[in-house]
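Coordinates in review
Listed here are the chains, written in short residue letters.
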Amino acid sequence: MRLTPLPMLIAGIIGLVRFRQLSPSLRYLAVGLNGFLLPLNLTGLVFLFLHRNNLFLMPIYTIGELWILVLVYRQELRSPAFTRLVPWLIGAFTCYAVLDTELARPDFTQFRPSQQILQSFIVLILVGLYFRKVISELWIVSLVKEPMFWISAGLLIYFLGYLQIALFSNYLLQYSRTLNMNVWAVHSLLFIVLYMCYCRALWLPLQK
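Below, the structure is looked at part by part. (Residues numbered from 1 in each chain as written. Predicted model: local features only at pLDDT ≥ 70, side-chain atom pairs only at ≥ 80, totals over all residues. Heavy atoms only, no water.)

Digging into the state of the cysteines
Threshold: Here, a disulfide means two cysteine sulfur atoms that sit within 2.5 Å of each other. With a 1.4 Å probe rolled over the protein chains alone, any residue whose accessible area is under 20% of its type maximum counts as buried; one over 50% counts as exposed, and the rest are partly exposed.
All told, the structure shown has zero disulfides when counted by the stated rule. With no disulfide partner, cysteine 199 has as its closest neighbouring cysteine sulfur the one in cysteine 197, 9.2 Å distant. Overall, the relative accessible area of 12% leaves cysteine 199 in the buried class.

With respect to the nonpolar core
Across soluble globular proteins, you tend to see nonpolar side chains buried next to one another. Quick reminder of the rule: What we call a nonpolar core is a set of buried Ala, Val, Leu, Ile, Met, Phe, Trp, Tyr and Cys residues that are connected through their side-chain atoms within 4.5 Å. Secondary structure elements are defined from DSSP: runs of H or I of at least 4 residues count as helices, runs of E of at least 2 residues count as strands, and each element is numbered from the N terminus. It only takes one pair of heavy atoms within 4.5 Å for two residues to be counted as in contact.
Within the largest apolar cluster, 52 residues are counted, with the highest numbers of intra-cluster contacts made by Tyr73, Ile151, Leu155, Tyr195 and Tyr198. At the level of secondary structure, the elements contributing two or more residues to this core comprise helix H1 (5–17), helix H2 (24–49), helix H3 (57–77), helix H4 (80–104), helix H5 (114–137), helix H6 (147–175) and helix H7 (177–203). In contact with isoleucine 151, not counting residues within four places along its chain, are Leu26, Leu29, Tyr73, Tyr198 and Ala201.

Observations regarding H3
Note the threshold: Under the convention used throughout, the expected extent of a helix is 1.5 Å for every residue step, that is, one less than its residue count.
Over its 21 residues, H3 extends 30 Å from the first C-alpha to the last, a length consistent with the 30 Å expected when each residue adds 1.5 Å. Of the residues flanking the end of H3, it is arginine 78, one or two places downstream, whose phi is positive at about 50 degrees.

Describing the packing of H2 against H3
Helix-helix packing is characterised by the crossing angle of the two axes and by the distance between the axes. The cut-off we apply is this: A fitted line through C-alpha atoms represents every axis, and for helices the fit uses only the stretch in contact; the resulting angles, taken between N-to-C directions, go from 0 to 180 degrees. For classification purposes, an angle smaller than 35 degrees is called roughly parallel, one larger than 145 roughly antiparallel, one from 65 to 115 roughly perpendicular, and anything else oblique. Residues were grouped as follows: Ala, Val, Leu, Ile, Met, Phe, Trp, Tyr, Cys and Pro as nonpolar; Asp, Glu, Lys and Arg as charged; and all remaining residues, including Gly, as polar.
The contact between H2 and H3 brings their axes to 9 Å, and the two run at 170 degrees. Regarding the angle of H2 to H3, the classification is roughly antiparallel. Every residue of H3 that contacts H2 at Pro24, Ser25, Tyr28, Leu29, Gly32, Phe36, Leu37, Leu40, Asn41, Thr43 and Gly44 is listed here: Leu57, Ile60, Tyr61, Gly64, Glu65, Ile68, Leu71, Val72, Arg74, Gln75 and Glu76. Taken together, the residues of the contact of H2 with H3 sort by class into twelve nonpolar, seven polar and three charged.

Some words on the packing of aromatic side chains
Where we set the bar: Stacked, edge-to-face and tilted labels apply to pairs of Phe, Tyr and Trp rings (six-membered ring for Trp) whose centres lie within 6.5 Å, assigned for plane angles under 30 degrees, over 60, and everything in between, in that order.
Counting across every chain of the model gives eleven aromatic pairs. Taking 6.0 Å as the distance between ring centres and 75 degrees as the angle between the ring planes, the aromatic pair formed by phenylalanine 149 and tryptophan 150 counts as edge-to-face. Judged by its relative accessible area of 23%, tryptophan 150 falls in the partly exposed class. Chaining the aromatic ring pairs together yields one cluster made of Tyr158, Phe159, Tyr162, Phe191, Tyr195 and Tyr198.

None of the figures reported here should be taken as evidence of function without further support.
What follows is the structure, given as structure tokens:
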């Protein structure tokens, strides 16, 4: 679990070094990673090491991550209908997350997974739209050389796994604290896989 910031930091460095060579969609990812996700993740890790409650950071992280990913896929899908939907999608999710968080105040002692479950479904839909576009248009010569393929594959693996954790985490905590910790160790592994995919995507040269 302590290794999770490492691939995130590497992805952030790659994004900074190769920023000028990145496509517009990957620039959204690089800016969001370095300007928001990485600092917030490190802040949460500091609270963890200090044995302080860091659950109040989760709604902020969830909202910000979804904003970044929606902007990435808006640029990549280039769909007028989806572009018109983006402000409503982000606004509705933000309002829901804020209202749901208000119900958890003032102590934030329990993990409330509803925001993460909804986020997971939205991201999986975005990934599905991307793969549908790839299959229908057949414009990619080699998938392994396409940065957005690696991003989408990483998100698919991560959020399919994270969805199961969000659904059953509170039950597992009541059943066995050790089992719960093992499950969150699996989450850390999924997180590392996701950011290794990000590293690969940000490192690949832009295809013509």
